[in-house]
Amino acid sequence: MTNRESRKRQGGSRRSPFGRRARAVHLADAPAVAVSGLSVTLGGRTALTGVTFELAAGAQLAVVGPNGAGKTTLLRTLAGLVPPSSGEVRVHGHGPSGHICIAYVPQRSRIDWRFPVTVHDVVMMGRIQRIGPFRRAGASDRRIVREALAAVELTDLAHRQIEELSGGQQQRMFLARALAQEADLALLDEPLAGLDLHSRNEVLKLIAGLRDRSVSAIVALHDLGIAAASFDEVLLLNRRMIGHGPARAVFSEANLREAYGSCLHVVEGESGTFVVHDTACGGGDDELR
Amino acid sequence: MSFVEAIVEPFRYPFMIRGLIAATSVGGLCAVVGSFVVLRGMAFMGDAIAHSILPGLAGGVLTAGRGDRRALFWWALGTAILVALGIGWISERERVREDTAIGIVFAGMFALGIALISTVRGFAVDLVHFLFGNVLGVSNADLVLIGAFGGAVLLLLLVFYKELVAVSFDPTLARTLRLPTSAYRYLLFVLVAVTVVVSLQTVGVGLMLAMLIVPASTAFLVARRLPQMMAIGALLGVLSGAIGLYLSFHWSVASGASIVLVAIAFFFLALLLSPRRGLLGRLRSG
């Protein structure tokens with residue numbers, strides 16, 4: 001895609017006191033995400049260090065690691081919400097904080113579900129910057145929101161208050177918001193947490209469907225099996241990057257032991273080796289303390 | 001006295017008509033702005049802004065004299081906006097917890113105000129009006145100020161509605177959309193400050209918080225969307241203002257207190273009966 005085309009896709013930026021600097025233009029040949037030597041310090045403590053990877057446009061990456069490994073911090077840094085203390089983050093060739101094409105979906109527990117908004121309202125929020133200040137949503141905005149809701153099969157629930165949705169539906173609503181935002185990169189923080197098997201599969205199917213829209217995705221997960229089965233690449237994290245690449249290469253016994261420490265159990269079964277990790281376990285945190 | 005007479009009688013007194021206009025407009029305005037206060041958990045901050053106006057009023061009394069009501073209004077407005085910006089600034093720094101920062105500003109400003117006003121002869125009357133309001137002393141000029149500034153607050157809320165909702169509901173989204181979240185946060189604080197000043201004469205500082213949060217919380221119990229919550233809240237605010245003032249007139253009760261008690265009565269009614277979040281609704285759905 002040429003620069004001009006991508007600028008067009010981003011929509012012309014409207015300058016005003018409430019609509020600050022111009023948006024970043026995507027570089028044609030740059031990967032969706034390029035991270036090199038990234039470290040992040042939060043409150044004087046190193047939350048993340050030694051993270052280096054690239055993600056091709058449209059590819060899907062699972063970020064796995066024990067609780068407190070820095071998965072959320074990594075996603076927030078990629079979204080431009082947390083500044084790196086060293087190293088560099090590039091999204092489509094530019095620093096992340098100039099982009100409006102990054103959709104960040106927080107853990108469901110971070111949201112006040114009693115807030116009096118409907119599913120439609122929340123999805124429309126993804127378009128606020130494109131609508132621009134002093135303007136109301138136009139016909140094209142409403143059409144895009146309608147299509148996004150249809151894509152995640154929430155059309156019938158569009159006018160429900162968000163507390164009335166199931167966990168899976170809430171997660172699908174956020175995916176619809178990412179679509180309405182016309183995001184090129186989706187960052188999803190534990191989208192499967194607390195979902196039943198059926199909802200998990202539905203959400204996974206929608207995440208996989210992002211490929212057809214050439215939306216790159218980086219997803220924080222707990223489940224190593226899902227990470228290996230449904231994603232192009234995995235990134236194993238425990239405050240520092242332990243491995244990155246295809247799951248088969250990254251999920252070696254040595255790497256997993258390093259990430260999960262004593263919480264990891266390697267079981268020799270009849271049909272091969274099983275790796276079991278206890279998600280309720282504090283994980284590598286204990287090793288570090 | 002018949003019911004009709006009871007309704008009509010206050011209209012024989014111009015001060016009652018002005019009081020009714022003030023109480024109903026303030027009731028409506030507070031509920032609309034209060035919707036954001038309730039949803040963002042800013043109740044303590046609203047209370048703090050109200051109390052922190054005192055040193056400004058004292059400054060007005062000391063420089064312009066207590067007769068110059070217009071001067072007092074500007075002093076109050078200036079102080080409230082400064083305090084709102086100050087609290088916003090401190091709480092962004094994360095040196096101390098937000099509620100601690102607000103508490104320190106609140107207590108410090110209030111103490112400073114009392115110290116200043118205690119140097120004025122006959123300060124007790126000023127203090128009582130400040131604390132409990134004096135809706136029956138509202139002048140035509142006051143009504144103009146309420147209308148102008150209340151109208152400006154509502155207009156700004158309308159213009160920046162979608163951004164203010166996004167910043168309140170999901171600040172992370174607002175930041176990834178690269179909205180100037182900090183500017184909107186300050187804007188909201190200033191709108192609360194102006195609302196507080198405009199409402200000061202009607203309910204006073206002591207009961208200001210109630211007008212900001214009670215009708216809005218009542219509406220929260222029954223509404224499913226924010227515009228609905230604001231509309232229902234405004235209606236309840238207007239009704240509380242009118243009914244409260246009537247009760248105060250006929251029963252010789254302090255007007256601010258009576259307005260707030262009516263608003264509280266609506267709240268408990270909704271808490272009991274709301275189909276969405278009410279106690280009866282819960283029981284029925286098991």
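Residues numbered from 1 in each chain as written. Chains lettered and ligands numbered in written order. Predicted model: local features only at pLDDT ≥ 70, side-chain atom pairs only at ≥ 80, totals over all residues.

Undergrad: Any chance you could explain the overall build of chain A here in plain terms?
TA: The helix and strand tally for chain A stands at 11 helices and 11 strands. Buried residues in chain A amount to 43% of all 289 residues. At a minimum sequence separation of 6, the contacts of chain A that also span at least 24 residues come to 68%. (Helix = DSSP H or I, 4+ residues; strand = E, 2+ residues; numbered from the N terminus. Buried ≥ 20, exposed ≤ 12 C-beta atoms within 10 Å, placed from the backbone. Contact = placed C-beta atoms within 7 Å.)

Undergrad: Just checking my understanding: could you explain the overall build of chain B for this structure?
TA: Looking only at helices and strands, chain B features 14 helices and zero strands. Each helix and strand of chain B, ordered N terminal to C terminal, gives the series α-α-α-α-α-α-α-α-α-α-α-α-α-α. Dimensions of chain B along its principal axes, counting C-alpha atoms only, are 55 × 50 × 30 Å. Taken over 286 residues, chain B has a buried fraction of 48%. Within chain B, contacts between residues at least 6 apart in sequence are counted, and of these 74% link residues at least 24 apart.

Undergrad: Sorry if this is basic, but what is going on with the packing of helix α2 (residues 14–40) of chain B against helix α12 (residues 226–251) of chain B here?
TA: The description of two packed helices rests on the angle between their axes and on the distance between the axes. Residue and element names in this part refer to chain B. For the pair α2 and α12, interaxial distance at closest approach is 7 Å and the crossing angle is 150 degrees. Here α2 lies roughly antiparallel to α12, going by the angle between them. For the element pair α2 and α12, the recorded crossing hand is right-handed. Residues belonging to the contact of α2 with α12 are distributed by class as follows: 16 nonpolar, 11 polar and no charged. (Axes fitted to C-alpha atoms, helices over the stretch in contact; angles between N-to-C directions. Parallel < 35°, antiparallel > 145°, perpendicular 65-115°, else oblique. Left-handed = near helix turned anticlockwise from the far one by under 90°. Nonpolar A, V, L, I, M, F, W, Y, C, P; charged D, E, K, R; others polar.)

Undergrad: Explain the confidence of the model for chain B to me, please; I cannot follow it from the model alone.
TA: Reading predicted coordinates in detail is not appropriate for stretches of low pLDDT. For chain B, mean pLDDT is 90; residues scoring 70 or higher make up 97% of the total. Listed scores for the predicted complex are pTM 0.88 and ipTM 0.90. (pLDDT = per-residue confidence, 0-100.)

Undergrad: Is there a simple way to explain the interface of chain B and chain A in this structure?
TA: The extent of an interface is frequently quoted as the accessible surface area lost upon association of the parts. In this complex, chain B contributes 22 residues to the contact, which on the side of chain A involves 20 residues. Every element with two or more residues in the side of chain B that touches chain A is listed here: α9 (161–169), α10 (171–176), α11 (181–222) and α12 of chain B. Here the side of chain B that touches chain A is built from residues that sort into 13 nonpolar, two polar and seven charged.

Undergrad: I keep staring at the domain arrangement of chain A and nothing clicks. Help me out?
TA: All names here are of chain A. What the domain assignment reports for chain A is domain 1 (3–101 + 184–260) and domain 2 (113–182). Using only C-alpha atoms to locate each centre, domain 1 and domain 2 end up separated by 23 Å. Contacts between the two partners involve 15 residues from domain 1, matched on the other side by 13 residues from domain 2. For the side of domain 1 that touches domain 2, the element with the most residues is helix α7 (residues 197–209), which contributes four residues. Of the residues that constitute the side of domain 1 that touches domain 2, the class distribution is eight nonpolar, five polar and two charged. (Domains from an automatic or database assignment.)

Undergrad: Got a minute to help me understand the environment of B:Glu92 in this structure?
TA: Residue and element names in this part refer to chain B. Relative to the elements of secondary structure, glutamate 92 occurs in helix α5 (residues 69–93). On the basis of neighbour count, glutamate 92 is assigned to the partly exposed category, with 13 C-beta atoms found within 10 Å. Separated by 90 residues in the primary sequence, glutamate 92 and serine 182 have C-alpha atoms spaced 8.9 Å apart.

Undergrad: I would appreciate a short explanation of unusual backbone geometry in the present structure.
TA: For residues that are not glycine, phi is negative in most cases, and the peptide bond is trans in most cases. All names here are of chain A. We note that histidine 92 has phi near 50 degrees; this positive angle belongs to a residue other than glycine. Within the element layout of this structure, histidine 92 appears in the loop between β4 (86–91) and β5 (102–105). The backbone phi angle of glutamate 153 is positive, close to 60 degrees, even though this residue is not glycine. For glutamate 153, the position within the fold is in the loop between α5 (139–151) and α6 (167–180). Overall, glutamate 153 belongs to the partly exposed group, with 13 C-beta atoms counted inside 10 Å.

Undergrad: Is there a simple way to think about the nonpolar core in this case?
TA: One recurring pattern in soluble globular proteins is that nonpolar side chains are buried together. Formed by 176 residues in total, the largest nonpolar core has its most connected members in A:Val63, A:Ala186, A:Leu187 and B:Val192. In terms of residue count, α11(B) provides more of this core than any other element does, 26 residues in total. In this structure, this core is formed jointly by two domains, domain 1 (3–101 + 184–260) and domain 2 (113–182) of chain A, each of which donates at least three residues. Non-local contacts of B:Val192, meaning those with residues more than four positions away in its chain, are made with B:Val33, B:Val37, B:Met42, B:Gly46, B:Ile49 and B:Ala84. (Core = buried A, V, L, I, M, F, W, Y, C linked by C-beta atoms within 7 Å.)

Undergrad: Just checking my understanding: could you explain the confidence of the model for chain A for this structure?
TA: Residues and elements named next belong to chain A. For chain A, per-residue confidence averages 85 on the pLDDT scale, and 82% of positions sit at 70 or higher. Here residues 1–22 is modelled with pLDDT under 50, and outside its nearest four sequence neighbours on either side it reaches 24 contacts, counting other chains as well. When the criterion is pLDDT under 50, residues 282–289 qualifies, and its contacts beyond four places in sequence or with other chains add up to 19 contacts.

Undergrad: Before we go on, may I ask you to explain the pairing of strand β8 (residues 233–238) of chain A in this structure?
TA: Each regular strand displays side chains that alternate between the two surfaces of the sheet. All names here are of chain A. Burial within β8 is extensive, with six of its six residues counted as buried. Here β8 shows a buried face lined by Glu233, Leu235 and Leu237 and a second buried face lined by Val234, Leu236 and Asn238. Sheet analysis places strand β3 (residues 60–64) next to β8, joined by four bridges and oriented parallel. Pairing of valine 63 across the sheet is with leucine 235, part of β8. Where β8 and strand β9 (residues 240–245) come together, five bridges link them in antiparallel fashion. Bridge pairing links leucine 235 to histidine 244 in β9. Where β8 hands over to β9, the hairpin turn is made up of one residue, of which arginine 239 adopts a positive phi near 70 degrees. (Pairing = 2+ DSSP bridges.)

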